[in-house]
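So the chains spell out like this:
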Amino acid sequence: MADYKNFTVETDADGIALVTWNMPDRSMNVFTEEVMDELEKIVDKVAGDEAIKGAVITSGKETFSGGADLTMLQKMLGLFETEKKKDHDKAIRLLFDGAGRMSWLWRKLETSGKPWVSAINGTCMGGAFELSLACHGRVAADSDKVKMALPEVKVGIFPGAGGTQRVPRLANTQEALQMLTTGQSLSPKKAKSMGLIHEVVPPKKLVEAAKKMIKDGLKPVQPWDEKGFKLPGGPVYSAAGANLWPPAIAILRRETYGNYPAATAILKCVYEGLLVPFDTALTIEQRYFTEIMQTTEAKMMIRSLFVSLQELNKGARRPVDVPARKLKKVGVLGAGFMGAGIAFVTAKAGIPVVLIDRDQEAADKGKAHSAKLMDALIKKGRASEADKEKLLSLITATPDYQELDGAGLVIEAVFEDSAIKKEATEKAEAVLKSSAIFASNTSTIPITSLAKNTKRPKNFIGIHFFSPVDKMMLVEIIMGKRTGDKALAVAMDYVRAIRKTPIVVNDTRGFYVNRCVLRYMQEAFSMLIEGVPAPMIENGAKMAGMPVGPLALTDETAIDLAQKIMKQTIRDLGEKAVDPRHMELIDTMVDKHGRHGRKNGKGFYDYPEKPAKKHLWPGLKELYRQKRAEAVDIEEVKQRLLVTIALEAARVMEEGIVTDPREADVGSILAFGFAPYTGGALSYIDGMGAARFVALAKRLQKKYGKGFKPPKLLVEMAESGETFYQRFAPESAGEVRKKAA
Amino acid sequence: MADAYVYDAVRTPRGRGKKDGSLHEVPAVRLGAKVLEAVRDRNGLDTAKVDDIIFGCVDPVGEAGSVIPRSAAFEARYDNAAPGMQISRFCASGLDAINFGAAKIAGGSDEIVIAGGVESMSRVGMGMSGGAWFMDPSVGLPAYFMPQGVSADLIATKYGFSRDDVDAYAVESQKRAKKAWDKGYFKKSVIPIKDQNGLTILDHDEHMRPTTDMQSLASLNPSFVMPGEMGGFDAVAVQRYPEIEGVNHVHHAGNSSGIVDGAAAVLLGSRKAGKTLDMKPRAKIRAFTNIGSEPAIMLTGPVDVTEKLLKKANMKLSDINLFELNEAFASVVLRYMQAFDIDHDKLNVNGGAIAMGHPLGATGAMIFGTVLDELERRDLNTALVTLCIGAGMGTATIIERV
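Remember, it's a predicted structure, so these values are computed and weren't measured experimentally. (Residues numbered from 1 in each chain as written. Chains lettered and ligands numbered in written order. Predicted model: local features only at pLDDT ≥ 70, side-chain atom pairs only at ≥ 80, totals over all residues.)

Topic: the overall build of chain A
Then, in step 1: When helices and strands are tallied, chain A shows 30 helices and 20 strands.
Then, in step 2: In summary, chain A has a C-alpha radius of gyration of 28 Å against a globular reference of 27 Å for 741 residues, a match within 12%.
Then, in step 3: Each of the three principal axes of chain A carries a C-alpha extent, and together these read 85 × 65 × 55 Å.
Then, in step 4: With 741 residues in all, chain A has 50% of them scored as buried.
Then, in step 5: Summarising the internal contacts of chain A: among those between residues at least 6 apart in sequence, 73% fall at separations of at least 24. (Helix = DSSP H or I, 4+ residues; strand = E, 2+ residues; numbered from the N terminus. Rg over C-alpha atoms; globule rule 2.2 N^0.38 Å. Buried ≥ 20, exposed ≤ 12 C-beta atoms within 10 Å, placed from the backbone. Contact = placed C-beta atoms within 7 Å.)

Right, here's the structure in full:
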């Protein structure tokens, strides 16, 4: 039957139709309008054809399916915005119908009277897993490549095709809620233990096992359509339910601070849905899905965390006319904490590394860091001894610069001292070919000034990692004044190879990320000085969506380091460059109280021996006259912390330091966890609209000073009604963004 | 508007609210019937003249369901003319029943009302009526729902009460209750529960532990660490009160109200009704009111409702001779005394629920009777009765002897 573009249907002698999903123009199956239309025809055909006993659905690709095409959803939402302006009610109705399309098609399949079995041969995500759950039988291949998940919540939406209803009707409620609200991935074994799939079989026997279920008389009726169906977790209103739901609601608040409407909606769908018959439950889910799709959070999270992130990972900003080059050898100068981390991630990507330090012992110590990290992975079952041996064999630890011979890229991560950096640069260049790229991992010295050390400034670039290197997913690529396109291309290819996300930043003090982070910390210092109780600052930050409070963050990076940087800034830029009250606070902490941060167990927090938890240093209350909690507006605390960062991001755009809003947004989330529900530091502004943001900034400026003065760019945008994504429209040339969740 | 008068107040003893409690064998409805019988028999009341029977009951399900005062009236052989209704405002239900009855009398619709409450916690169980408040995410999230114990710990954390503070309060409550029982201060109101043969089942509050001291309390582990940490409720507290870093869990079974079975009833009537039935009023309901307040901290409502009520009644704190505040948790009472700077000598002078127990729907009517007896014993004039309430509410009533 060549009736379908995306599927083949072959009916065997037993009357079992094998439906193989294999989209011709894609590397991964995703749901499109066309796919849905064809599937509906197939469901009808199977149901109506007497000769067909039942159907097995599988994929012709390595993966089963990535789920819905989110860029399609993004377009649909764009269209909805336009339609809504014309006819509000009609637009909502259309969105509601659209939201239910997939759900009711799966329901049709489930109630078609013929048994369906899903043969899950590979990664099966979102709508595809929901399709599988609607099948009467579910078989998965026993393979590491098979992962099942309903990950929608990670991009601000939720499983809206029956996922919130079928999962808690198959698994116990607690596990169901956990899976749905976190988007966690399940191995076949885990999925089976939860009751979500029936069988795990060797990959080669997958289709056979699926067909066997039908031959063995699989009933084409789901448990919830049988009379007397009982929920695996027991009724909502039962002793078990009373133990489950109140903490479930509290834990949702603990984990999300109420900032993620989609996660909340999942809980509501499950609670309300389990109290009614299945069809009514699907309608409830459809209503919530329609609501959630209209949220700013969904729009922003889909854009930044899915679309933009993928585009950047695929090198959206890479100069297209420089051919890609595979790196055969990478040099890392300096085997300290950063250098050792860079060596690790490079070797982990399979690239040979030469790790250089002043003597063999120092270099070996840097290499040992990789061994330690691999041991940790082995302990967690995420790597083998063989992986460790292979990785370590790729790292050559040596004091000998001659070993750099043949390296296409060298990353300098030596001490932040211009003289030491100069020496390292010159020694390396003496060995390197003229075509090699030299990158500095400096975080404090402008690239353009370091480029004075080189004879080949075109090939000199910044590759700025964040600590710890193995965990932090963002890398800033810093363009010096004379850095050329080839250096940029090589740097981006390298970052892509180590599977991190690059953003391109023009040279300036602090680059992009640290400028923002500094503002975040400084705002906390100001609050402390005003007498805002320290817990309100830290809790306020987390309530605003930040992963780490600004005082805890300062402790992590060290208070004495902050002191050094502030003093250096005064030396470089003059007294006015640092708020004297901040200097006084930091001097008091470091010089008077010896509080250097986490490293000496004494910072803004005290760090008692484990298992005791860190807690704020009680002495903070004595430093400044404390305000009463009732006199502090926690909403304003939250706003100040987000607005100060967003303003800095806007300034960075105005100055042309970052030029693409996707990079500013994704960078802010990956580097310092800027409230992900906002979509990032610029989307935070776009989400509320520049006019409202400027009004908010001005209000804060009146109360808290010139740091909140909105830059001219924002004032203009407020007047014109523009967004960052309009004013700095990213070029979308050259990338494929067709993937799914 | 007519004034509402108090003619009598009775209560059952409080049985331990467990399967081994003495009142566990007594159906909830029978507890209600016993207090109705006592009100009738002590006052020679013609029950055909009773305009309403209002009982508070927090978990009116199972045997406590279907309008328990009406059922109790049948068992007590009241005249069919006496109707009944059941209300709930959680822990203040018994006091709200009195206020409701007083309002009906003041409004002129009723002349005689019996108001009170009943709860058999050993037989029905706490929380058995369920509810969206803590189960439904659409409610629990905006309500910042937390179990009351965590709320009580939050009060202690926010207002600075240490474990020693709350334990010391509990020890004092036990001492006072013991002394009051020993001296017979409760005799006037407590009716022994007897079986059909006249054999006594229970004639005293059996939850009391008069030997309690600081040392014995110190050995108890705090009860709400698990729900706070594992159940996520500490995080709810912190998000609602970001000025705290975490919750200091100080409450345990020894400084929280006891789970018990019991019932209470108060005979209310107009001045005219008293004359007709030849009864002498003991007190007048001077004023009452309710409030709603922030639901996460939940149990500070008595402070807010007292402020509102005094203002409404045009009275000062110093006009109140005795305060009776339900001892749901020690921190609730400590916060109340802290907020108003009230001396413990004027508050819960005969102990409270930490020693004697808190039969949810009945407690309001029980402590109402307790403080009325004490006003008479001390020959004082005015008392204020109040209770903290689930979901952040508060009820308070001021009575005045006549």
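Let's pick the thread back up.
Here's the deal with the overall build of chain B
Then, in step 1: Per the secondary structure count, chain B includes 15 helices and 12 strands.
Then, in step 2: Over its C-alpha atoms chain B spans a radius of gyration of 20 Å, differing by no more than 12% from the 21 Å that the globule rule assigns to 402 residues.
Then, in step 3: Projected onto its principal axes, the C-alpha coordinates of chain B cover approximately 60 × 45 × 45 Å.
Then, in step 4: Put simply, chain B has 402 residues, and 60% of those count as buried.

Here's the deal with the packing of helix α10 (residues 261-273) of chain A against helix α11 (residues 278-293) of chain A
Residue and element names in this part refer to chain A.
Then, in step 1: The contact between α10 and α11 brings their axes to 9 Å, and the two run at 165°. Relative to α11, the element α10 lies roughly antiparallel. Remark: the crossing between α10 and α11 carries right-handed chirality. Where α10 approaches α11, its residues Pro261, Ala262, Ala265, Lys268, Cys269, Glu272 and Gly273 are matched on the opposing element by Ala281, Ile284, Glu285, Tyr288, Glu291 and Ile292.
Then, in step 2: Taken together, the residues that form the contact of α10 with α11 break down as eight nonpolar, one polar and four charged. (Axes fitted to C-alpha atoms, helices over the stretch in contact; angles between N-to-C directions. Parallel < 35°, antiparallel > 145°, perpendicular 65-115°, else oblique. Left-handed = near helix turned anticlockwise from the far one by under 90°. Nonpolar A, V, L, I, M, F, W, Y, C, P; charged D, E, K, R; others polar.)

A short note on the sheet that holds strand β18 (residues 501-506) of chain A
Residues and elements named next belong to chain A.
Then, in step 1: The eight strands lie next to each other as β13-β12-β11-β14-β15-β16-β17-β18, forming an open sheet whose pairing is mixed. Taken across any chain shown, the strands that pair with only one partner, and hence form the sheet edges, are β13 (395-398) and β18. On average, each strand axis in the sheet is inclined to that of its neighbour by 25°, with strand direction left out of account. (Pairing = 2+ DSSP bridges.)

Comments concerning helix α6 (residues 173-182) of chain A
All names here are of chain A.
Then, in step 1: With seven of 10 residues buried, α6 is to be regarded as a mostly interior element.
Then, in step 2: On its buried face, α6 is in contact with α5 (163-170), α7 (188-194), α9 (239-256) and α10.
Then, in step 3: Gly183 sits one or two positions beyond α6 and adopts a positive phi of about 70°.

Overview of the environment of Leu404(A)
Residue and element names in this part refer to chain A.
Then, in step 1: Locating Leu404 in the fold gives a position in the loop between β13 and β14 (409-412).
Then, in step 2: Residues Leu404 and Val431, spaced 27 residues apart in sequence, show a C-alpha to C-alpha distance of 6.6 Å.
Then, in step 3: Look past the residues within four positions of Leu404 in its chain and what remains in contact with it is Gly331, Val354, Val410, Ala428, Val431 and Leu432.

Topic: unusual backbone geometry
Then, in step 1: The peptide bond linking Ser467(A) to Pro468(A) adopts the cis configuration, its omega dihedral lying at -10°.
Then, in step 2: Checked against the element boundaries, Pro468(A) lands in the loop between β16 (460-464) and β17 (474-479).
Then, in step 3: The peptide bond linking Lys610(A) to Pro611(A) adopts the cis configuration, its omega dihedral lying at 10°.
Then, in step 4: Note that Pro611(A) resides in the loop between β19 (605-606) and β20 (615-616).
Then, in step 5: One non-glycine residue with positive phi stands out, namely Tyr257(A), at about 55°.
Then, in step 6: When you line up the elements, Tyr257(A) lands in the loop between α9 and α10.
Then, in step 7: Given 19 C-beta atoms within 10 Å, Tyr257(A) falls into the partly exposed group.
Then, in step 8: With a phi angle near 45°, Asn348(B) is a residue other than glycine that sits in the positive phi range.

Points about the sheet that holds strand β6 (residues 116-120) of chain A
Residues and elements named next belong to chain A.
Then, in step 1: The strand order across the open sheet built from six strands is β1-β2-β4-β6-β8-β10, with neighbouring strands paired in mixed fashion. A single partner strand is all that each edge strand has here, and the edge strands are β1 (7-11) and β10 (199-201). Strand-to-strand twist in this sheet, taken as the mean axis angle between neighbours without regard to direction, amounts to 20°.
Then, in step 2: Strand direction decides the pairing type here: strand β8 (residues 137-141) and β10, joined by three bridges, are parallel. Bridge assignment links Ala141 to a residue of β10, and that residue is Val201.
Then, in step 3: Each of β1, β2 (16-21) and β4 (54-59) is contacted by helix α1 (residues 33-48), which is oriented at about 15° to β1, the strand it contacts most.

A word on the interface of chain B and chain A
Then, in step 1: Contacts between the two partners involve 21 residues from chain B, matched on the other side by 27 residues from chain A.
Then, in step 2: When residues of the side of chain B that touches chain A are traced back to their parent elements, those giving at least two are α4 (132-135), α5 (137-140) and α10 (233-240) of chain B.
Then, in step 3: The residue makeup of the side of chain B that touches chain A, split by class, is 11 nonpolar, seven polar and three charged.

Overview of the domain arrangement of chain A
All names here are of chain A.
Then, in step 1: Once the domains are mapped, chain A shows domain 1 (7-294), domain 2 (330-511) and domain 3 (514-727).
Then, in step 2: Tallying the contact residues gives 13 residues for domain 2 and 13 residues for domain 3.
Then, in step 3: Looking at the side of domain 2 that touches domain 3 element by element, the count peaks at five residues for β18.
Then, in step 4: Taken together, the residues of the side of domain 2 that touches domain 3 sort by class into seven nonpolar, six polar and no charged. (Domains from an automatic or database assignment.)

Describing the nonpolar core
In summary, soluble globular proteins display a tendency toward joint burial of nonpolar side chains.
Residues and elements named next belong to chain A.
Then, in step 1: Counting residues in hydrophobic clusters, the biggest one holds 367 residues, and the most contacted among them are Ile461, Ile477 and Ala491.
Then, in step 2: Looking at this core element by element, the count peaks at 12 residues for helix α25 (residues 634-654).
Then, in step 3: Once residues lying within four places of it in the same chain are set aside, the contact partners of Ile461 are Ile437, Ala439, Ile447, Ile477, Ile478, Met479, Gly480, Thr483, Ala487, Leu488 and Ala491.
Then, in step 4: Listed in part, the five residues of the second largest apolar core include Ala562, Ile586, Met589 and Val590. (Core = buried A, V, L, I, M, F, W, Y, C linked by C-beta atoms within 7 Å.)

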